[in-house]
Amino acid sequence: MSRGGSMVRARFFAAVFGGSLGSMAALPAAAEILNPPVLQDERAPIAKPTLAEAAPAEPLPGNTTPVRGDRLLDLKIQYIDNQIYNPSTGGYDKVHLRGYTGKGVDPNAPYVSPTIEATPGDTVRVTLDNQLPAGSQPGDPGCMPGGQTMPDIPHCFNGTNLHTHGLWVSPSGNSDNVLLSINPQTKFTYEYNIPSDHPSGTFWYHTHRHGSTALQVSSGMAGALIIRGNRFPTPTAHGDIDTLIPTSAIPERVLVMQQIQYACRGTPAKPGDLGSIKQDSNGHYFCDPDDVGGIEGYDQLGPGTWPASGRYTSLNGKVFNPNDLMTATQGQIERWRIIHAGVRDTISLQFFKVLDGKLKPGVKTLLRADTTAAFIKDTCDTTPVPYKLIAADGLTMAAAQTTKLATFQPGYRFDALVVFPEAGRYCVIDSSTPKSGSVNALDVGPQLLGLVDVAPGKPVDDVNAYVNRELVTLAETNMPENVKETVVADLKAGTKFTSFTPHPDITDDEVEGNGTQELTFFIDTTGPDTKFEVGNTLKTEDVKPYDPNRIDRALPLGKAQEWTLQSHFVSHPFHIHVNPFQIVSITDPNGKDVSAPGAVDDAGGAPYDPQYVGLKGVWKDTLWIKSLIPQSLPAGFSGIYTVKVRTRYERYIGEYVLHCHILDHEDQGMMQNVAVVLPDQVGDTTQGAAMQMGGHDDHK
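Basis of the calculations
- Residues numbered from 1 in each chain as written.
- Predicted model: local features only at pLDDT ≥ 70, side-chain atom pairs only at ≥ 80, totals over all residues.
- Heavy atoms only, no water.
- Helix = DSSP H or I, 4+ residues; strand = E, 2+ residues; numbered from the N terminus.
- Buried < 20%, exposed > 50% of the residue type's maximum accessible area, 1.4 Å probe, protein only.
- Contact = heavy atoms within 4.5 Å.
- Areas by Shrake-Rupley, 256 points an atom, 1.4 Å probe, with all protein chains shown as cover.
- pLDDT = per-residue confidence, 0-100.
- Pairing = 2+ DSSP bridges.
- Phe/Tyr/Trp six-rings, centres within 6.5 Å; stacked < 30°, edge-to-face > 60°.
- Lys NZ or Arg CZ within 6 Å of the ring centre and 35° of its normal.
- Axes fitted to C-alpha atoms, helices over the stretch in contact; angles between N-to-C directions.
- Expected span 1.5 Å × (residues − 1).
- Arc of directions from axis to C-beta.
- Core = buried A, V, L, I, M, F, W, Y, C linked by side-chain atoms within 4.5 Å.
- Polar contact = N/O pair within 3.5 Å; in protein donor to acceptor, adjacent residues only side chain to side chain.

Chemist: It is not clear to me how the overall build of the chain should be interpreted in this structure. Could you clarify?
Modeler: Across its full length, the chain carries nine helices and 33 strands. Counting only residues that meet the buried cut, the chain has 59% of its 700 residues in that class. Look at the contacts in the chain between residues 6 or more apart in sequence, and 77% of them connect residues 24 or more apart. When the accessible surface of the chain is split by element, carbon and sulfur atoms take 54% of a total near 25900 Å².

Chemist: Sorry if this is basic, but what is going on with the confidence of the model for the chain here?
Modeler: For residues with low pLDDT, the predicted coordinates do not support detailed interpretation. When pLDDT is averaged along the chain, the result is 86, and 85% of the positions lie at 70 or above. Every residue in residues 1–29 is under pLDDT 50, and counting partners more than four places away or in other chains gives 51 contacts.

Chemist: I tried to follow the sheet that holds strand β18 (residues 395–403) on my own but got confused; where do I start?
Modeler: Two pairing modes exist for strands in a sheet, parallel and antiparallel, and in both the strands are linked by backbone hydrogen bonds. As summarised here, the arrangement of the seven strands in space is β12-β11-β10-β14-β20-β17-β18, forming an open sheet in which the pairing is mixed. The sheet terminates laterally at β12 (318–319) and β18, the two strands that pair on one side only. Where strand β10 (residues 252–258) and strand β11 (residues 314–315) come together, two bridges link them in antiparallel fashion. If you follow Met257 over to β11, its bridge partner there is Leu315.

Chemist: Teacher, can you tell me more about the packing of aromatic side chains here?
Modeler: Aromatic ring pairs are defined here through the distance separating the ring centres and the angle between the ring planes. For the coordinates displayed, the defined rule picks out 18 aromatic pairs. Measuring from centroid to centroid gives 5.7 Å for Phe351 and Phe420, while their planes differ by 90°, and the two rings are edge-to-face. On the criterion of sequence distance, the pair formed by Phe351 in strand β15 (residues 347–354) and Phe420 in the loop between β20 (413–418) and β21 (424–430) is long-range, its members being 69 residues apart. A cation over an aromatic ring shows up here: Lys620 above the ring of Tyr412, its NZ or CZ 3.6 Å from the ring centre. The residue whose ring lies beneath Lys620 is Phe414, and the NZ or CZ to ring-centre distance is 5.5 Å.

Chemist: Is there a simple way to think about the sheet that holds strand β9 (residues 222–227) in this case?
Modeler: Strand order in the open sheet made by the four strands is β4-β9-β8-β6, with mixed pairing throughout. Because the sheet does not close on itself, it has two edges, and the strands there are β4 (116–118) and β6 (163–165). This sheet shows a mean twist of 25° between the axes of neighbouring strands, independent of strand direction. Here β4 runs beside β9; their pairing, made up of three bridges, is parallel. In the strand pairing of β9, Glu117 is matched with Ile226.

Chemist: Even after reading the chapter, I still don't get unusual backbone geometry, so can you show me in this structure?
Modeler: Both trends apply: most residues other than glycine have a negative phi, and most peptide bonds are in trans. In this model, Ala606 is joined to Pro607 through a cis peptide bond whose omega is -5°. Looking at the element boundaries, Pro607 is found in the loop between β28 (581–587) and β29 (619–620). Despite not being glycine, Asn316 has its phi angle at roughly 50°, a positive value. Relative to the helices and strands, Asn316 resides in the loop between β11 and β12. Judged by its relative accessible area of 5%, Asn316 falls in the buried class.

Chemist: Sorry, what's going on with helix α6 (residues 481–492) here?
Modeler: An α-helical turn contains 3.6 residues, so any two residues separated by three or four positions project in the same direction. With 12 residues, α6 extends 17 Å from end C-alpha to end C-alpha; this agrees with the ideal 16 Å at 1.5 Å per step. When α6 is considered as a whole, its buried residues turn out to be Val483, Lys484, Val487, Val488, Asp490 and Leu491. Down the axis of α6, the sector holding all buried residues measures 160°, keeping them to one side. Exposed side chains of α6 directed beyond 90 degrees from the buried face belong to Glu485 and Lys492. Residues of α6 that are buried in the fold lie against α5 (463–478).

Chemist: I tried to follow the nonpolar core on my own but got confused; where do I start?
Modeler: Looking at soluble globular proteins, one finds that nonpolar side chains tend to be buried together. Of all hydrophobic cores here, the largest spans 65 residues; its most connected members are Trp563, Phe574 and Leu623. When neighbours within four sequence positions are excluded, Phe574 is seen to be in contact with Leu519, Phe521, Trp563, Leu565, Phe581, Asp621, Thr622, Leu623, Ile625, Leu658 and His659. Grouped together as the second largest cluster of nonpolar side chains are 25 residues, Leu417, Val472, Leu474 and Phe500 included.

Chemist: How should I be thinking about α5 in this particular structure?
Modeler: The terminal C-alpha atoms of α5, which comprises 16 residues, lie 22 Å apart, in line with the 22 Å expected from a rise of 1.5 Å per residue. For α5, every residue scored as buried is listed here: Val463, Tyr466, Val467, Asn468, Leu471, Val472, Leu474 and Ala475. Elements that come into contact with the buried residues of α5 comprise β17 (387–392), β20 and α6. Its side-chain oxygen at 3.3 Å from the backbone nitrogen of Asn464, Asp462 defines the N-terminal cap of α5.

Chemist: When you look at the pairing of strand β31 (residues 642–648) in this model, what are you seeing that I'm missing?
Modeler: Two faces make up the sheet, and in a regular strand the side chains alternate between them. Counting buried positions along β31 gives six out of seven residues, so the element sits mostly inside the fold. Bridging between β28 and β31 involves six bridges; their strand directions are antiparallel. Bridging across to β31, Thr587 finds its partner in Thr642.

Put into structure tokens, the structure is as follows:
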């Protein structure tokens, strides 16, 4: 293991800091962190015949909605050579990573994928062109017929596919089908027929080839997917929140948060080995000047590796660099579409004003992973700026929730209305998270994700009241006369969005008599090989690892069911494809519902976990299933939380998956095949994915 990099860094910090974190040097003018570019059409939209019931062909005034129609997009998958800023050294590391490329990709931020935009009623065709090399390399035998007889061992690192996370579209054929493997040197066109009644909102897309999902997503193969709507509410139908907050009045910021966990390696001990990861005396990953970092092994992705690596979460493809800033204007409300597109981190998002005299524009600040907490304490105020959550996982909430901290687990999205009350500079912080609320189950200090320079503008007295007044003004200006009074009254009565929610509540009557579903996550560490498993009951002994040829659940089309979810060994984010769910309750081990408004999740002791409060009744597609860490529990205390959700199986039949969204858990077996079938076929779970794909134990 080379130590040359450590000596270079020691000399570097001594020269720059003189032994102190506070020394600074002049920098060029700051560059703004921009939204990821929108993936461009390969051809002009094809005009459609006008039907009486069709939505308007052109965007309504005040919106920037794309024109509805056919869209043809092209995504190439290649190795991309570039560099990533390393705050631990104040320099850039060269990297060689798999990534998506397409028209409009920013060459200076290649490790975030371009944004895909569509409107309800669109047909979106994405040609996935896998240009990764074939041949002998780690994991490749698993792509070939008969090459992978153990499907839950990471494999097929250059095979891929595409998942539109959160979209309500068909899971079969060439739609949102993650049971395909698009192998190296192969093209395949996905076709997503987005229904005309699809909710508008913030979704995302990423690779989902079982066996290589985590490795590819952690390389940056993920991007925003935005469905834009221009449907106004009516007295009998709900509308899109976009019509209340058009981009002409409320600018939007798309923020894709990722953990690009590259590493540099030493010389392999023998042919075929990867070589050990280079680590300094603190355990942090480092690269010598001539090294090129990559992600080629799952030893980079296991428990605790992300905080131990010293790497930093990136925003829109850029790791924190004081020379790359976000800019805003005092008093200007913005819609932040925030996506956790990473694999192994829990992000607790907060905003703090920079203290007077600290971090002045035009000066340089370097941070080390082991001194970030002290730097934040010295530089950032302790009073967080409140903001309003208006949508969870892309789905408009029944009422906005004012918060000072939102918890993002892998796969989560929140849309937030953000306004900075004063001019100056603000810290964007990933705050500390309680062990039991974190993917890594460790005490990890805060991290500075970025800075926002706020220009003088309109004074803000109270953020909550200010945002509410502006929304009322927008409603009075933009809403049709036949719903204006209702929308305004709702906003004044607690910032309610009851005219904009995408789904009606699922009632007791709707689920009665339809049967129920149970699910347990578990990691079995008792044998020689760790097993990542899911079960169909709340009994630990019933869990099984993933089998691509087995359908684990048959779900009745046109009906709704209640699910009870638990984890019996540490915590896991549950995600199911196609149909979202509504949260009924989240009860702690003492039986208290911690999803209720104002609830305090204190079962794990201090610090209390804030992530569940207010989620009762909220629609999502990904949810943290919590289990307190066994070592911290008293005798006889299970530490298990019980989550109840309800979901409808609407419109689409076919096979898809549910899984843990810690994606290396999914790759190693924490996943199930489920199928929505006609109601009279619910009892038949004997034919699995092989029936659909003609046999694909090798996912060919």
